[in-house]
Amino acid sequence: MREDETRKVFRFAPSPNGYLHLGHAFSALLDFDAARREGGRFLLRMEDIDKGRARSEFEAAIYEDLAWLGLVWEEPVRRQSEHLDDYAAALAELDALGLLYPCACSRADIARATSAADAPRDPEGALLYPGTCRGKRRDRAGANLRLDMAKAAALVGGEVFWDEHGKEIVASPAEWGDVVLARKDIGTSYHIAVVVDDALQGVTDVVRGRDLYEATRIHRLLQELLGLPAPAYRHHALVLDEDGRKLAKSRLSKPLWELRAEGATPTDVRAMLGL
Ligand code: GLU
């Protein structure tokens, strides 16, 4: 085994859909510090599959902000928009297992079908897709592709497991229902891109915000279905504003470049984050 293969691999994976703020800085610094502390590698990945929102000026600003914070990452940076074939290959594998189906429902269709007050909700509280198109003949052109969750969950015995900061978590992916794995506009999804990339990049440790904790059971399910290794996860607390709310319109939600322009230093940023 080469020496490299024994080292942990960490990554920070921002979406260049806007400027980084303190919440992103917290994630990036936790990742980077853990990599340094544990003698690991640190990668940066641009999660830019959403063509409608990703912009090159945000990407450039991310490099500038992270370098200013003192982060050093390996080159080249992987840009998801340049690897759509990898995501298509993973989707084709799931399709070959009979786990995907086209869905042409609009948001309005779904809202109509789930109007009952007691309609089931996913782990984040959003209404579950009611399965309208499952098992129906639908044209694939211009349709989203959804995972047949009951079938997929059954293939892994109904439960997934992961290491969350040294503790074993057991979760049922079925609670997410038939999630969209290929959006009709971009041909893939965050869930597919993140598990494929973490595997291709050899990521061993995912350090990211608590807002992605519930999605982890989908990621673990996809890793199991695709035969990909399971990284260890650490979901950190979100940075809250002075009133205990998720970063909203407060001083803390200012982009990093604005804090910098006002004279803040990287040391000030670490101090604001308690790092
Ligand atoms: N790109 C995602 C975001 O900016 C993070 C993905 C991840 O860490 O898994 O929220």
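For the structure, see preceding data.
So, here's what we can say about the structure. Note that this is a predicted model, so its numbers are computed, not measured.

Quick look at the site of the ligand
Here's step 1: With respect to spatial proximity, the complete set of residues near the ligand consists of R11, A13, P14, S15, E47, Y190, V194, R208 and L212.
Here's step 2: Take S15: an N or O atom from its side chain is 3.0 Å from a nitrogen atom of the ligand.
Here's step 3: Between an oxygen atom of the ligand and a side-chain N or O atom of Y190, the distance comes to 2.8 Å.
Here's step 4: For the ligand, whose free accessible area comes to 300 Å², the fraction covered by protein is 78%.
Here's step 5: Broken down by class, the residue content of the shell around the ligand amounts to five nonpolar, one polar and three charged.

Looking at the environment of K8
Here's step 1: Mapping K8 onto the fold places it in the segment before β1 (9–12).
Here's step 2: K8 sits 217 residues away from L225 along the chain, and the two C-alpha atoms are 24 Å apart.
Here's step 3: Beyond its immediate stretch of four places on either side in the chain, K8 contacts E38, G40, R41, T204, D205 and R234.
Here's step 4: At 2.8 Å, the side chain of K8 forms a polar contact with the side chain of E38.

Observations regarding the nonpolar core
Note that soluble globular proteins tend to have their nonpolar side chains buried in a common cluster.
Here's step 1: Of all hydrophobic cores here, the largest spans 36 residues; its most connected members are L94, L147, L181, I192 and L222.
Here's step 2: Listing elements by their share of this core, those giving two or more residues are α3 (84–96), β5 (144–147), α5 (149–155), β6 (160–164), β7 (167–171), β8 (180–182), α6 (190–200) and α7 (216–226).
Here's step 3: Here L222 is in contact with L94, L181, H191, I192 and V195, once residues within four sequence places are set aside.
Here's step 4: Counting residues in each nonpolar core, the second largest holds 27 residues, with F42, V77, V239 and L259 among its members.

Points about the sheet that holds β5
Here's step 1: Taken in spatial order, the three strands line up as β4-β5-β8 in an open sheet, and their pairing is antiparallel. Edge positions in the open sheet fall to β4 (100–103) and β8, since each of these has one partner strand only. Strand-to-strand, the axes of this sheet are offset by a mean angle of 45 degrees, without reference to chain direction.
Here's step 2: Both β5 and β8 contribute to a ladder of two bridges, which runs antiparallel. Among the inter-strand pairings, R146 is bridged to a residue of β8, identified as V180.

Topic: helix α2 (residues 56–69)
Here's step 1: For α2, which comprises 14 residues, the first-to-last C-alpha distance of 20 Å matches the rise-based estimate of 20 Å (1.5 Å per residue) to within 8%.
Here's step 2: Structurally, α2 contributes buried residues whose contacts are with β1, α1 (22–37), β2 (41–46), β3 (78–79), α8 (256–261) and α9 (266–272).

Some remarks on the packing of aromatic side chains
Here's step 1: All told, the structure shown has six aromatic pairs when counted by the stated rule.
Here's step 2: Here the aromatic rings of F32 and F42 are separated by 5.3 Å at their centres, their planes lie at 80 degrees, and the arrangement is edge-to-face. Here F42 lies in strand β2 and F32 lies in helix α1, a separation of ten residues in the sequence. Each member of the pair, F32 as well as F42, carries the same accessibility label: buried.
Here's step 3: Taken together, the aromatic side chains of Y19, F58 and W257 make up a single cluster linked through ring pairs.

What about the state of the cysteines?
Here's step 1: Taken as a whole, this structure holds zero disulfides when the rule is applied.
Here's step 2: Looking at C103, it has no disulfide partner, and the nearest cysteine sulfur is the one in C105, 3.9 Å off.
Here's step 3: In this structure C105 is a free cysteine whose sulfur lies 3.6 Å from that of C133, the closest cysteine sulfur available.
Here's step 4: Classification of C105 as buried rests on a relative accessible area of 12%.

Here's the deal with the packing of α3 against α7
Between two packed helices, the angle of one axis relative to the other and the distance separating the axes together describe the packing.
Here's step 1: With their axes 10 Å apart at the nearest point, α3 and α7 run at an angle of 75 degrees to one another. Overall, the two elements α3 and α7 adopt an arrangement that is roughly perpendicular. Side by side, α3 and α7 meet where A90, E93 and L94 of the first sit next to L222, L225 and L226 of the second.
Here's step 2: Classifying every residue of the contact of α3 with α7 by side-chain character gives five nonpolar, no polar and one charged.

The rules we used
Residues numbered from 1 in each chain as written. Predicted model: local features only at pLDDT ≥ 70, side-chain atom pairs only at ≥ 80, totals over all residues. Heavy atoms only, no water. Near = heavy atom within 4 Å. Polar contact = N/O pair within 3.5 Å; in protein donor to acceptor, adjacent residues only side chain to side chain. Areas by Shrake-Rupley, 256 points an atom, 1.4 Å probe, with all protein chains shown as cover. Nonpolar A, V, L, I, M, F, W, Y, C, P; charged D, E, K, R; others polar. Helix = DSSP H or I, 4+ residues; strand = E, 2+ residues; numbered from the N terminus. Contact = heavy atoms within 4.5 Å. Core = buried A, V, L, I, M, F, W, Y, C linked by side-chain atoms within 4.5 Å. Buried < 20%, exposed > 50% of the residue type's maximum accessible area, 1.4 Å probe, protein only. Pairing = 2+ DSSP bridges. Axes fitted to C-alpha atoms, helices over the stretch in contact; angles between N-to-C directions. Expected span 1.5 Å × (residues − 1). Phe/Tyr/Trp six-rings, centres within 6.5 Å; stacked < 30°, edge-to-face > 60°. Disulfide = S-S within 2.5 Å. Parallel < 35°, antiparallel > 145°, perpendicular 65-115°, else oblique.

Take it as geometry only, folks, not as evidence of what the structure does.
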